[in-house]
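Structural overview for review
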Amino acid sequence: MSSRTPIMAGNWKMNLNHLEAISHVQKLAFTLDEKDYEGTEVVVLPPFTDLRSVQSLVNGDKLKIGFGAQDISVHDSGAYTGEVSGPMLAKLNCSYAVVGHSERRQYHGEDEAVCNAKVKAAFRNDIVPILCVGEGLDVRKAGNQVPHTLAQVDGALEGVPAEQAERLVIAYEPVWAIGTGEVATPEDAQEVCGAIRGRLAELYGQDVADKVRIQYGGSVKGDNVNAIMSQPDVDGALVGGASLNTEEFARIVRFRDQ
Ligand SMILES: O=C[C@H](O)COP(=O)(O)O
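Residues numbered from 1 in each chain as written. Predicted model: local features only at pLDDT ≥ 70, side-chain atom pairs only at ≥ 80, totals over all residues.

**Some points on helix 5 (residues 112-124)**
The end-to-end C-alpha separation of helix 5 is 18 Å, in line with the 18 Å expected for 13 residues at 1.5 Å each. Just downstream of helix 5 lies D126, where phi reads positive at about 60°. (Helix = DSSP H or I, 4+ residues; strand = E, 2+ residues; numbered from the N terminus. Expected span 1.5 Å × (residues − 1).)

Written as structure tokens, this is what we have:
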């Protein structure tokens, strides 16, 4: 039995303005019971413009919901128009920052070097990166999902020391399963999540590998979460669409009851 605490994170993507964010987090807090937070970490990842509102609500009402950003600049300050830095996110008490989401890779050309710099920027500011990796459909069809994903892990973690790496969250998100309703089978998820943990053991030793939480992401819903979470190397879910529906996200948090 793993000692890792499962982490259920809702990536809202570019949805919900700051007023809707307040209402959404309040509703989530009302929906979840005390026991739902026992043994499961609940996190929301709103757009940048919502973070101050979410922080005020979470900190003011002492909610047990964690929060973080969907991206982070590689720079800590300077003439980088439109960027949001690690120190700014840290000042907002962000615990997490998503790095290398496939939508950033696809639409903003983020490569391994950028992901590596963002992982380092996050750790430099005491923010835990949620590093997203995973293959597209062509790679999956060719059967190359494991080497493809491990190359992404290697690139993003170059020069990251073990004492930082052990705090990492890695999200395995097969691109073909994101927002498509096409969820990977539990065995598909385990194959790659297990391989990621194996690579972490090679890079950092088994002790570190055993501490890193590895999420699955891609069309996770209340109906499929339990089977995915039953896999030994899956420690949570990075949830897109279903995290915008409070009842559905609460079901995912309560994966043991589904
Ligand atoms: O970050 C979340 C993933 O991209 C999954 O999105 P999805 O649950 O809408 O498929």
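Moving on, there is more to tell.
**A few points about helix 9 (residues 186-204)**
With 19 residues, helix 9 should cover 27 Å at 1.5 Å per step; its first-to-last C-alpha distance of 26 Å lies within 8% of that length. For helix 9, the set of buried residues is A189, V192, C193, I196, L200 and Y204. Looking down the long axis of helix 9, one finds its buried residues gathered within 95° of arc, a one-sided arrangement. Exposed residues pointing more than 90 degrees away from the buried face of helix 9 are listed as E187 and E202. Contacts from the buried residues of helix 9 go to helix 7 (145-157), helix 8 (162-165), strand 6 (169-172), helix 10 (206-211), strand 7 (213-217) and helix 11 (225-229). G205, located one to two residues past helix 9, shows a positive phi value of around 95°. (Buried ≥ 20, exposed ≤ 12 C-beta atoms within 10 Å, placed from the backbone. Arc of directions from axis to C-beta. Contact = placed C-beta atoms within 7 Å.)

**Digging into the pairing of strand 1 (residues 7-11)**
Most of strand 1 sits out of view: five of its five residues are buried. After leaving strand 1, the chain enters helix 1 (residues 18-31) and then returns to the sheet as strand 2 (residues 41-45), a path that is right-handed. Looking at chain direction, strand 1 and strand 8 (residues 236-239) are connected through four bridges and run parallel. Residue pairing across strands places G10 opposite V239, the latter belonging to strand 8. (Right-handed = clockwise from strand over helix to strand, strands pointing away. Pairing = 2+ DSSP bridges.)

**Considerations on the UniProt feature "active site" (unreviewed entry) in the protein**
The UniProt entry lists H101 and E173 under the feature "active site" (unreviewed entry), expressed in the numbering used here. Spanning 73 residues, the annotated positions come together in the fold, the maximum distance between their C-alpha atoms being 8.5 Å. Residue classification places H101 among the buried residues on the basis of 28 C-beta atoms within 10 Å. Within the secondary structure layout, E173 lies in the loop between strand 6 and helix 9. On the neighbour-count criterion, E173 (29 C-beta atoms within 10 Å) is buried. Dropping the residues within four chain positions of it, E173 is found in contact with S102, C132, G134, I178, G217, G218 and L238. (UniProt positions renumbered as here; feature names shortened; annotations may be inferred.)

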